[in-house]
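Close look at the chain arrangement
Listed below are the residues making up each chain.
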Amino acid sequence: MTSLDKPPVGTSTVKWRFPDIHPEGRKYVLIVAAVALLSLWVWDVLTWPLLFLTLGVAAFFRDPVRVTPVAEGVLVAPADGLVTMIQRVALPPELAGPHALGSAPMVRVSIFMSVFDVHVNRTPITGTVRHVIYISGKFMNADLDKASDENERQHLVVEDRDGVRIGFTQIAGLVARRIVAFVKPGDMVVAGQRIGLIRFGSRVDVFLPEEYGAQVVLGQRTVAGETIIARRDVPNATGVAQ
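**Brief notes about the side chain of Asp187**
Structurally, Asp187 is set in the loop between strand 10 (179-181) and strand 11 (188-189). Here Lys184 takes part through its backbone nitrogen, which lies 2.9 Å from a polar atom of the side chain of Asp187. Setting aside anything within four residues of it in sequence, one finds Asp187 in contact with Gly127, Thr128 and Val129.

Below is the structure:
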């Protein structure tokens, strides 16, 4: 085989870049920036704080590019944040029943997003969106267990080509005041695709089917669309804080 017959060697590199601002947040950035500029003529002592607030709002709505692993039998994290709960629980009424996730309890992995995390959420698997169910409710601390049942929330169910259904829930938090969906029932999605966001601090719960073992542990941080949170036919992972 000559050198011309050999497969090419990858020479591409990846460079860091500033994340884009999601379109959902651009109007808020412009509003705060406009107020900051106006303060130059009205009350300039507020200009610098408002400029810092503009940067903070832009950072909150940042939407970085993510590289999603392509593999069979894996679920990727739907959110950036801290894994705060991994426990077997009864399904929420909206996700229970033969047309959703069934009736048996499931392991729930809860990911808490602070105001400093990326708030664009992504689908854990490739498949068809079967349900998008919005429930109005309270705005208590999303880190509390009862927030799953009492806070404003949105349930989504995605079914893969093998008929396996994955349910996950966006939960508004203490400061969050709106859940935004980018998909609707019947849409086709690929693992890691953006499916919605929650404004200003919140949580996402993922319900694992029986055949999936959690691959994250309490206290671990996840990256939406990149971190593998569960694998099919693999036992639950363990971890050590260090």
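Now that the structure is up, let's keep going.
**Here we look at the pairing of strand 7 (residues 127-135)**
As paired elements, strand 7 and strand 11 share 2 bridges and run antiparallel to each other. Bridge pairing links Gly127 to Val189 in strand 11. Where strand 7 and strand 8 (residues 153-159) come together, 7 bridges link them in antiparallel fashion. What sits directly across from Thr128, in strand 8, is Glu159.

**A few points about helix 2 (residues 47-60)**
In this model, helix 2 (14 residues) spans 20 Å end to end at C-alpha, consistent with the 20 Å of a helix rising 1.5 Å per residue. Those residues of helix 2 not exposed but buried are Thr47, Leu50, Thr54, Val57, Ala58 and Phe60. Along the long axis of helix 2, the arc covered by the buried residues comes to 160 degrees, so they all point the same way. Turned more than 90 degrees off the buried face of helix 2, the exposed positions are Trp48, Phe52 and Leu55.

**So, the nonpolar core**
Of all hydrophobic cores here, the largest spans 29 residues; its most connected members are Leu75, Leu208 and Ile229. Secondary structure elements with two or more residues in this core: strand 5 (106-113), strand 8, strand 9 (165-172), strand 12 (194-198), strand 13 (202-208), strand 14 (212-214) and strand 16 (228-232). Top element by residues in this core is strand 5. It accounts for 4 residues. Setting aside residues up to four positions removed in sequence, Ile229 forms contacts with Leu75, Val76, Ala77, Pro78, Val206, Gly213, Ala214, Gln215, Val216 and Thr222. Counting 10 residues, the second-largest nonpolar core is a separate cluster that includes Val32, Ala58, Phe60 and Val120.

**Considerations on the pattern of salt bridges**
Per the stated rule, a full pass over the model turns up 12 salt bridges. Ionic pairing is found between Glu94 and Arg153, a salt bridge with its closest N-O pair at 3.9 Å. Taken together, the residues span a long stretch of sequence, with Glu94 in the loop between strand 4 (81-89) and strand 5 and Arg153 in strand 8 at a distance of 59 residues. For Arg153, a relative accessible area of 7% gives the class buried. Ionic pairing is found between Lys184 and Asp187, a salt bridge with its closest N-O pair at 3.2 Å.

**Overview of the environment of Arg203**
Residue placement: Arg203 occurs in strand 13. With 32 residues separating them in the primary sequence, Arg203 and Ile171 have C-alpha atoms 5.1 Å apart. A distance of 2.9 Å separates a polar atom in the side chain of Arg203 from a polar atom in the side chain of Asp205.

**What to know about the pairing of strand 16**
Two strands pair when backbone bridges link them, and strand 3 (residues 74-76) and strand 16 are joined in this way by 3 bridges, in the antiparallel orientation. Bridged to Leu75 within strand 16 is Ala230.

Thresholds applied
Residues numbered from 1 in each chain as written. Predicted model: local features only at pLDDT ≥ 70, side-chain atom pairs only at ≥ 80, totals over all residues. Heavy atoms only, no water. Helix = DSSP H or I, 4+ residues; strand = E, 2+ residues; numbered from the N terminus. Polar contact = N/O pair within 3.5 Å; in protein donor to acceptor, adjacent residues only side chain to side chain. Contact = heavy atoms within 4.5 Å. Pairing = 2+ DSSP bridges. Expected span 1.5 Å × (residues − 1). Buried < 20%, exposed > 50% of the residue type's maximum accessible area, 1.4 Å probe, protein only. Arc of directions from axis to C-beta. Core = buried A, V, L, I, M, F, W, Y, C linked by side-chain atoms within 4.5 Å. Salt bridge = Lys/Arg side-chain N within 4 Å of Asp/Glu carboxyl O.

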